[in-house]
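Results of the structural survey
Read off the chains here:
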Amino acid sequence: MQDGLYLKDTFVSEVDFSLTYQGNDLTKPDARTASYSNTFTLPDSLTMRDLMQGGEQVDAAGLNEYRQLPAKVIDEGEVIFSGIAEFVSFQAGWKVNLLDSLIGFFDAIADKPLTALNLSRLDHPWTLEHINEIAGSSEGVVYPLIDYGGIDASGTVPYDTTCPAVYAKTLIGQMCAEAGYTPIGDWLTDPLFLQLAVPFVGSDPKAHDQQWIDDRTARVTADGTTNSIILKNGSPINVVLPLAVDNLPLDDFTQGKLKPFKTDRYAYVCLNRMRVNVQAQILFTSITKFGAAEVRLILERNGQPIAEDYYSVAGYSDKLDTPESLQIDEAIDCQPGDELTLRLTGNSRTTLADYSYYFSLASGEVWASFVPDATVRLGDIWPVAPNLPDVSCSDLALTLAKMMQGTYEVDERRKTVELVPLDTVIDNIPLASDWSTKIDESTEPEIVVQFEGYGKANLCKWKEHDQKANIGYADGILTSPALTSPKEATLFELPFMACIESGSVIGGYGNPIQILTRSLSGTGENKTINKMDAAPRLILMEPAKVATVQTETLSASGDVVAVPITLTGCWFAKRPAGIRTDANAFSLAFSPVFGQNEQPLIDRYFKALQRVLRKPKMLNTSIYLQPADVASLKLSLPIRLQKVRIGSLDVNDNYFYLNRFGPYRSGQPATAVLIAV
């Protein structure tokens, strides 16, 4: 193939630009970095105009100038770069940046919340039967044994706090698929990753988000120009309330953007299968001289009565100056296309009567609101995606990278994603690339001994705990005997909070983890349950260990009865006694918490960084690489230098992590930033 730049496998030009290669830049511990080029200009050509679909024109019909196009660079027949091209501007040619495919992958998932993933295949009945059926699940959805704040002294778990978690591998697989990639590599078989899950942390499960509710909400009234509806003896009434006003936002009479209330026929039309909370009111005055009338405000679904409010008074009663009201407050299950209307009826209750009722049609005195109820109740279908925590796909992906001290490698051609741990560099020492003969010995090297971003004590943090007593729980410290300043540095803080142990004990199991979404206040008849959202969490599941506990539900006769329910064991730092196995002696604590025997994350994934921090040294030196060397560059392989003299520096035999290489131009030496391991 001809040397030069290719976009979408089409040769476009030979251009002069530089490339910087880097993976996980250890000098930026809270970031994940990627390879890139300088900004350069592609000459204007017919080929470029065809590729860009005339994007340089003001009235261009295409959109390629806003898209990232697959790019590769050929040098001496070798592919020295494969990634994406990003276009900046056009001025007698396109100004372009080349970026690692990793950037394209993260751009695809950065703004997508977990709640937007298509996980409908995992939606399931929220029933005792289904929870028992999937106990011990090792993929998709699983029901963990978690104390959400309601487990009592006997170990009984409230039914409405048995909520599912979703395995992280399922979420990673789905986010990659929706971005057009396939995850590959050894990280997918790591037992900790396989057992990692994202639990429910909401106050109540929801079927939809607030925007979905707002779009289908209507609050309507009458226009006030019509005379009152009058009921007199001998003249019964039977009318649908003429609610036709939905454009008074200052009075809160509006509709969502889907306009579900049809003002031409005074009906709310259900657009989806849903539960609708209906509230309605009409004010009236009356006088009864003798006998009695009876009036009803009736909520109808497709013309059939569902709920009503009834009023009747017998004998003399003058309430012309004291308005009464008929009210509806009802939740109704509806199917798509169902129509909800409000009907007012009135007639005589006695054979002989003399009365007059005046029903107001003034704005605000007669009204109705229709609000979809997105709460999931026991027996409903549990929609998985809407009940994931409020974090983005990139939040989860980056959390995994920081937990496992890895960097993602993306192959744009094969459309694959692999998380490569930094410890792989140590494991690959026998496969190290020897650059001893590639040193530019004429350039004086630099040895750096102070690493920006690091100190004597280096903290790996979970999100700060919402209970002061637990701040710092399960955080970790990497110490550097060599560094003295600063005394303390935060390497990163994850967007997930650590889980503490519950004070409750489950017989034969131990202490479950606790995620507080419930609290009790008051005593006796005044006792209330307070519900709250909790911060996002990660947990570890043990599908081989399930626990049968007691919960309470309603029998067919309406009595509260205790029934068994089978949940799957889980932990965060310390494993409950009932789920310990030889194979799961690891944890999500960066450093051990009190009484922990499980392997912490630092011991599991931070060996290479610990090795670096014992005596941190960074060598900046000039290296000359052939295009074939660059094409075979693998950032997870260590670099070996032995028996070389670089300026005034003698290197006997050392291994290094390639932190960065560049800016690289073909045929010229470039700076290699090497960190001793």
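See the structure above.
Residues numbered from 1 in each chain as written. Predicted model: local features only at pLDDT ≥ 70, side-chain atom pairs only at ≥ 80, totals over all residues. Heavy atoms only, no water.

1. Overview of helix 10 (residues 607-614)
Defined as follows: Note on exposure labels: buried denotes an accessible area under 20% of the residue type's maximum, exposed denotes more than 50%, and partly exposed covers the range between, all computed with a 1.4 Å probe on protein chains only. Each helix corresponds to a stretch of at least 4 residues labelled H or I by DSSP, and each strand to a stretch of at least 2 residues labelled E; elements are numbered beginning at the N terminus. In this description, the arc belongs to the directions extending from the helix axis to the C-beta atoms. Should any heavy atoms of two residues lie within 4.5 Å, those residues are considered in contact.
Among all positions of helix 10, only A608, L609, V612 and L613 are buried. Along the axis of helix 10, the buried residues cluster in a sector spanning 130°; they form a single face. Packed against the buried residues of helix 10 are helix 8 (423-427), strand 32 (457-463), strand 33 (476-479), strand 34 (488-497) and strand 44 (670-676).

2. A short note on the pairing of strand 6 (residues 69-75)
To be explicit about the condition: Any two strands between which DSSP finds at least two bridges are classified as paired.
Where burial is concerned, most of strand 6 is hidden: six out of the seven residues are buried. The pairing of strand 1 (residues 4-7) with strand 6 spans four bridges and is antiparallel. When the sheet's bridge partners are listed, L5 is paired in strand 6 with V73. Hairpin connection from strand 6 to strand 7 (residues 78-90): two residues lie between these consecutive antiparallel strands, with E76 at a positive phi of about 50°.

3. A closer look at the sheet that holds strand 28 (residues 406-411)
Stated formally: An axis is simply a line fitted to the C-alpha atoms; with a helix, the fit covers only the stretch in contact. Between two such axes, the angle follows the N-to-C directions and lies from 0 to 180 degrees.
Sheet architecture is open: three strands sit in the order 13-29-28, paired in mixed fashion. Only two strands of the sheet have a single partner each, and these edge strands are strand 13 (182-183) and strand 28. Here helix 7 (residues 393-403) sits on the sheet in contact with strand 28 and strand 29 (416-421), set at roughly 125° to strand 28.

4. Details of the side chain of R216
This is how the line gets drawn: All tallies of charge rest on Lys and Arg as positive and Asp and Glu as negative; His and the ends of each chain are not included. For this document, the term salt bridge refers to a Lys or Arg side-chain nitrogen within 4 Å of an Asp or Glu carboxyl oxygen. As used in this structure description, the phrase polar contact means that two N or O atoms lie within 3.5 Å; if the pair is within protein, one of them must be able to donate a hydrogen and the other to accept it, and residues adjacent in sequence are counted only when both atoms belong to side chains.
Checked against the element boundaries, R216 lands in the loop between helix 6 (210-215) and strand 15 (218-221). Buried and unpaired, R216 has no salt bridge, with D215 as the nearest side chain of opposite charge at 4.5 Å. A polar contact is formed between the side chain of R216 and the backbone oxygen of W212, at a distance of 3.1 Å. If sequence neighbours within four positions are ignored, R216 has contacts with L258, P260, Y268, L271, N272, M274, F370 and P372.

5. Structural notes on the pattern of salt bridges
Considering all chains together, one arrives at 27 salt bridges under this definition. Taking the shortest distance from any N to any O, the salt bridge between D190 and R604 comes out at 3.1 Å. Taken together, the residues span a long stretch of sequence, with D190 in the loop between strand 13 and helix 5 (191-195) and R604 in helix 9 (residues 601-605) at a distance of 414 residues. The salt bridge partner of E412 is K415, with a shortest N-O separation of 2.7 Å. The class for E412 is buried, based on a relative accessible area of 14%.

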